[in-house]
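Coordinate inspection notes
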Amino acid sequence: MKIKNINGTSQTTCACGSWLKHWEKFSGQSVPKYCPVITNHPGCTKKDLAGAHVRKYASSDEKWYIYPLCSAHNQSTGVLEVSDSYKLVSANKKETCEK
Ligand SMILES: [Zn+2]
Ligand SMILES: [Zn+2]
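Residues numbered from 1 in each chain as written. Chains lettered and ligands numbered in written order. Predicted model: local features only at pLDDT ≥ 70, side-chain atom pairs only at ≥ 80, totals over all residues. Heavy atoms only, no water.

A tally of regular secondary structure across the protein chain gives two helices and five strands. For the protein chain, the succession of helices and strands along the chain, N to C, is β-α-β-β-α-β-β. The C-alpha radius of gyration of the protein chain comes to 13 Å, within 12% of the 13 Å expected for a compact globule of 99 residues. Reported as C-alpha extents along the three principal axes, the dimensions of the protein chain are approximately 40 × 30 × 25 Å. For the protein chain, the proportion of its 99 residues judged to be buried stands at 40%. Within the protein chain, contacts between residues at least 6 apart in sequence are counted, and of these 64% link residues at least 24 apart. Carbon and sulfur atoms provide 47% of the accessible area of the protein chain, an area that totals close to 5900 Å². Seen as two clouds, the 14 positive and the 8 negative side-chain charges of the protein chain have centres 3 Å apart. (Helix = DSSP H or I, 4+ residues; strand = E, 2+ residues; numbered from the N terminus. Rg over C-alpha atoms; globule rule 2.2 N^0.38 Å. Buried < 20%, exposed > 50% of the residue type's maximum accessible area, 1.4 Å probe, protein only. Contact = heavy atoms within 4.5 Å. Areas by Shrake-Rupley, 256 points an atom, 1.4 Å probe, with all protein chains shown as cover. Lys, Arg positive; Asp, Glu negative; His and termini not counted. Charge placed at Lys NZ, Arg CZ, Asp CG, Glu CD.)

Turning to the environment of K63, a few remarks are in order. With respect to the helices, strands and loops of the structure, K63 is situated in the loop between strand 2 (49-56) and strand 3 (65-70). You can call K63 partly exposed: its relative accessible area is 47%. Between the alpha carbons of K63 and A15 there is a distance of 20 Å; along the sequence they are 48 residues apart. In contact with K63, other than residues within four places in its own chain, are V54 and R55.

This is the structure in structure tokens:
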């Protein structure tokens, strides 16, 4: 799937402690070992993952989601192709941890 970072989000962390924990909790998945961005070669091998605020690319769905990305990809402004193996988790606290 293709996603785009929402840059300039200074949204303070949620009740989970960090957005990465938030992702783990609501995806039911464990944090990937490596950054799940698919690049041509040899793939992103960074391990400094954080929960990034992203949006689906080229979709009418404009909701905000959390997805685990390395710090470099977290700064990127382009479209990222990422692994479908990991879920997008809602960044809306009212739908998740502050329900
Ligand atoms: Zn949370
Ligand atoms: Zn990366």
